[in-house]
Amino acid sequence: MIHQYKLGGYNIVLDICSGAVHAVDDLAYDLIAGFESKTKEQLLADMAQRYPTVPAEEIKSCYAQIEALRDEGQLFTPDTFAPMAGKFKEKSAGVIKALCLHVAHTCNLNCSYCFASQGKYHGDRAVMRFEVGKRALDFLIEHSGKRRNLEVDFFGGEPLMNFQVVKDLVAYARSREKEAGKNFRFTLTTNGMLIDDDVIDFANREMSNVVLSLDGRKEIHDRYRVDYAGNGSWERIVPKFQKLVAARGGKNYYMRGTFTHQNPDFVQDIRQMLDLGFTELSMEPVVCAPEDPSALTPADIEIVKQQYEELAELMLQRDREGRPFTFYHYMIDLSGGPCIYKRISGCGSGTEYMAVTPWGDLYPCHQFVGEERFKLGDIWNGLDNPEVQGEFAACNVYAKPECQDCWAKLYCSGGCAANAYHATGAITGIYESGCELFRKRMECAIMLAVARAAEGR
Amino acid sequence: MEHIVTLKTRNLCDSAANGGCGECQTSCQSACKTSCGIANQKCENTED
C-alpha cells in the first residue's frame, strides 16, 4: 500500500508497510501513481505524452528507479503484518505498565466541555486517599513483569486539589524503585489554579512531564475554562504557567489546549501560546457528542484541516528564524519511531494501561471511568472482568474493519478505543471525524520532516 | 537526474526481528489523553 499527496510544494510518497518516505518530482509522482494499474509500455507512453520535453530515456530511467525501490522493499511493500497483530498482547498478557491515577474527582474549574463532567466522571466528588494510591502503586509494580519503565499520571479532575497525597505517593514510589528494579515516570495534568512555588519545585523535580491546560487566546480560554462563579481563569493561570515553565530547565512539558466550534481557527491560539513564551504545544480537537454546542461541525473540520497546513508552515517559518517550537502531533521520528509490534497493537488501554478511581476501581482508561460495564476490577482484589479484558486484548488495528484500507493505520494503530466506543458502540469501530483529522495531521507532520530534510535541518 | 529522494526511515518489516519489548510509552499516557496515535512516540528498546 502506498499513499501519495502534494503539500507545501512537495510531492510525497509513503510506502506504508516499510515505513519509507520518498520526496519525488512530478514525473516520478505520476509514474508511481500508474505503476500498479498499467503495463510498463502503457505507462511509459502516457508519460511521454504528458511530459513531451522529457527525453524517453529519462522517463525509462525514472521507471527503473521505481522498480529498484520496489525490489529493495521500499515501494509497494505488501502488508504481511496481520498474523502478528495479536502477538504482542499475547506475549505481554497480564503485564500492566501504566496507570492513570484519578487522585481527585473534583475540580476548581467548571468547564462545560469537560469529558469528565467537571471532574466528577458522572459520579460523586471524591479524592483519593494515600492508602488507595499506595496500593495502586504496589499493584502496578506487582503486575509490571519485566517492564522497567512504569508510567503514572496524576489526573483528575484537578490533581492539585489533592496535592499532599500526590507528594506522598511520589515519595512512596521512589522508595520502592530500587528494590523493585523500576523507573517511575510521573506526569501531572493541571489547570494551573493551585500552582505555587511549592508545586513548581515539586513538579520540576519529580515530574517527567507536566501537562498544562491552556486554550490559547484569553477570550477563547475564558469561554469554557471558568470557575464556579463563572469567572474566566486565563489571567490567574498564565503567570503561574510562565513561572513553572521558566523554572523547568528544559524538562518536558506541554501547553495543552482544546479547540471547539468556538475556535476552529486554533492556529491563532498557538500563536498566543508562542507570544506568551511557550514552545511545547498541543491543541486537541474537542471530543463530545455531535449535538453538543462545542462540537466541531463539518464546516469546522474543513477549517481545521486548513489550519493544520498553516501550522506546519508556521513551524517551518519559525525554524528558519531560529525560533522553533514543538507541536505534539507533528513530532515524528522517522528513523527511531516505534517498531511494528507497537504500530499494530493498539493503544494499550485495558491491557498495559488502566485508570484507577479515587476508591481503587480499575477501568480500561480514563475515558471509560464511570461506564460501569467497563469496570475491570479493583486494586485490592485484582481484575475480574474477563469479557471486557478479552475485548481490549483482541483490539488491534487489524481487528478494525474500517482501518484495513487506511494508509494511516501504522501511524495511528487504530486510534482511541474510547472515541470509537462513544461514536459507534464498539471499541473496534472508528471515530470518523477523528480519523479525518489524524490523517491530515500525519500528512502535515511528514511534509514537515521532508521540508526539514530538504532544508538541511 | 534525481527523481526520487528517500528519507532515512526505520524499516518496519525489519523492526519485527527485535521489536515488541514494550518499554515505550503507552500511547496517550502522559500527553493528549484524547486523540491517540503512535507516530510521535520514541522506541525505547535498548537491545536494538
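Details of the structure are given in the entry above.
This report concerns the structure included in the present document. (Residues numbered from 1 in each chain as written. Chains lettered and ligands numbered in written order. Predicted model: local features only at pLDDT ≥ 70, side-chain atom pairs only at ≥ 80, totals over all residues. Heavy atoms only, no water.)

At the interface, 41 residues of chain B touch 77 residues of chain A. Roughly 4900 Å² of surface becomes buried between chain B and chain A when both sides are summed, with 52% attributable to carbon and sulfur atoms. For the pair chain B and chain A, the number of links is one salt bridge. Scanning the region where chain B abuts chain A turns up 20 residue pairs in polar contact (both at pLDDT 80 or more). For the side of chain B that touches chain A, the per-class residue count stands at 16 nonpolar, 18 polar and seven charged. With three bridges connecting them, strand E3 (residues 20-24) of chain A and strand E1 (residues 4-6) of chain B associate as antiparallel partners. Considered in E1(B), the bridge of A:His22 is made with B:Thr6. (Contact = heavy atoms within 4.5 Å. Buried area = accessible area lost by both parts, 1.4 Å probe. Salt bridge = Lys/Arg side-chain N within 4 Å of Asp/Glu carboxyl O. Polar contact = N/O pair within 3.5 Å; in protein donor to acceptor, adjacent residues only side chain to side chain. Nonpolar A, V, L, I, M, F, W, Y, C, P; charged D, E, K, R; others polar. Pairing = 2+ DSSP bridges. Helix = DSSP H or I, 4+ residues; strand = E, 2+ residues; numbered from the N terminus.)

Moving on: the packing of aromatic side chains. All names here are of chain A. Counted according to the given criterion, the structure contains 19 aromatic pairs over all chains. Ring geometry for Phe154 versus Phe186: centroids 5.6 Å apart, planes at 20°, classification stacked. With Phe154 in strand E6 (residues 149-156) and Phe186 in strand E7 (residues 183-190), this pair connects stretches of sequence that are 32 residues apart. The burial state of Phe154 is the same as that of Phe186; both residues are buried. Judged by centre distance (6.3 Å) and plane angle (70°), the rings of Trp407 and Tyr411 are edge-to-face. Neither residue differs from the other here; Trp407 and Tyr411 are each classed as buried. Three or more aromatic residues joined by ring pairs make a cluster, and in this case those are Phe259, Phe266, Tyr308, Phe327 and Tyr330. A cation sits over an aromatic face here: Lys91 above Tyr341, 5.6 Å from the ring centre. (Phe/Tyr/Trp six-rings, centres within 6.5 Å; stacked < 30°, edge-to-face > 60°. Buried < 20%, exposed > 50% of the residue type's maximum accessible area, 1.4 Å probe, protein only. Lys NZ or Arg CZ within 6 Å of the ring centre and 35° of its normal.)

Attention shifts here to the nonpolar core. Residue and element names in this part refer to chain A. Formed by 139 residues in total, the largest nonpolar core has its most connected members in Leu101, Phe154, Leu214, Ile270 and Tyr330. It is helix H16 (residues 432-454) that contributes the most residues to this core, 11 residues altogether. Taken domain by domain, this core gets at least three of its residues from each of domain 1 (2-78) and domain 2 (81-457). Beyond its immediate sequence surroundings of up to four residues, Phe154 is in contact with Leu101, Val103, Pro159, Val166, Leu169, Val170, Phe186, Thr187, Leu188, Thr189 and Met207. Counting 20 residues, the second-largest nonpolar core is a separate cluster that includes Leu27, Met47, Cys62 and Leu75. (Core = buried A, V, L, I, M, F, W, Y, C linked by side-chain atoms within 4.5 Å. Domains from an automatic or database assignment.)

To continue, consider helix H9 (residues 234-246) of chain A. Residues and elements named next belong to chain A. Its 13 residues give H9 an end-to-end C-alpha distance of 18 Å, which sits within 8% of 18 Å, the value for a rise of 1.5 Å per residue. Residues of H9 that are buried include every one of Trp234, Ile237, Val238, Phe241, Leu244 and Val245, and no others. Looking down the long axis of H9, one finds its buried residues gathered within 135° of arc, a one-sided arrangement. Every exposed residue of H9 that faces more than 90 degrees away from the buried side is listed here: Glu235 and Ala246. Looking at the packing, one finds that the buried side of H9 touches E7, helix H7 (197-206), strand E8 (207-213), helix H8 (218-224), strand E9 (252-259) and helix H10 (267-275). (Expected span 1.5 Å × (residues − 1). Arc of directions from axis to C-beta.)

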